[in-house]
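Geometric and topological summary
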Amino acid sequence: LDDEVGMLWMEDRNLDPELAYISEDTIVYGDGQHSLTYRLPEHCMLTIDNIAGKTYFDEDHQVYIQTNVLKYTWMTARDMADSIADGELSRPLATGETTVGGRTFYYYTYSVMEYGKNETSTVYQFYGYCDLEDGSIYSIRGYAEDNPQAADEAYYLEWMNISVF
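Residues numbered from 1 in each chain as written. Predicted model: local features only at pLDDT ≥ 70, side-chain atom pairs only at ≥ 80, totals over all residues. Heavy atoms only, no water.

Thoughts on the pattern of salt bridges
Definition in use: One speaks of a salt bridge when a side-chain nitrogen belonging to Lys or Arg is within 4 Å of a carboxyl oxygen belonging to Asp or Glu. Every helix listed is a DSSP run of H or I at least four residues long, and every strand listed is a run of E at least two residues long, numbered separately from the N terminus. Residue burial is assigned from relative accessible area. The probe radius is 1.4 Å, only protein chains are included, and a residue is buried under 20% of its type maximum, exposed over 50%, and partly exposed in between.
Applying the stated criterion across every chain yields a total of four salt bridges. Across the salt bridge formed by Glu 24 and Arg 39, the nearest N and O atoms sit 3.7 Å from each other. Of this pair, Glu 24 sits in strand β1 (residues 24–29) while Arg 39 sits in strand β2 (residues 34–39), and the two are 15 residues apart along the sequence. With relative accessibility at 43%, the residue Glu 24 sits in the partly exposed group. Relative accessible area serves as the criterion here: at 40%, Arg 39 is assigned to the partly exposed category. Between Lys 54 and Asp 25 there is a salt bridge whose closest N-O contact spans 3.1 Å. Of this pair, Lys 54 sits in strand β4 (residues 53–58) while Asp 25 sits in strand β1; the two residues are 29 residues apart in sequence, bridging distant segments of the chain. One exposure class covers both Lys 54 and Asp 25, and it is buried.

Structure representation (structure tokens):
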């Protein structure tokens, strides 16, 4: 943290230096009774793994991707996507649904213009949700600065091609 100008510096660090990039990963959920596996694009590394989920950094596209399984019994994946997409987003880009591997994902995308002292940037965001058999919801969030591909649902198709055990 640079207190003089109020900036926070972050560094992308691979949590597993033995394995520079990973091609697939698994989330265990439901008190360890279920697991969900998904593939990752080339050159992705795991940067955060905690109770809030997993965060990856795609070096090729400079996109951050977060995955998680959420226990919601009062909302469906469609409800989650619709409720947030109807909110006060800076610049909504798209909403919709897509089916991958027999599972339907509901998504929305938007962009936010950020103004700094010397530069302006646009942050592109993607949120996708899928209902799982036990009532949980698989969540994907992607975001990147000045990269509209981060708001393109086609970029996330590998993350949506899940196997649940």
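Structure's up, so let's keep going.
With respect to a negative patch on the surface
So the rule is basically this: Residues form patches when they are more than 30% accessible in relative terms and have no salt bridge. Like charges link within 9 Å. Nonpolar side chains (Val, Leu, Ile, Met, Phe, Trp, Tyr) link within 5 Å. Accessible areas in this description were obtained via Shrake-Rupley with a 1.4 Å probe; residue shielding takes into account the shown protein chains only. Positive charges are assigned to Lys and Arg, negative charges to Asp and Glu, while His and the chain termini are left out of the count. For this purpose, a charge sits on NZ of Lys, CZ of Arg, CG of Asp or CD of Glu.
A cluster of acidic side chains, namely Glu 42, Glu 59, Asp 60 and Glu 158, defines a negative patch on the protein surface. Structurally, Glu 42 can be placed in the loop between β2 and β3 (44–50).

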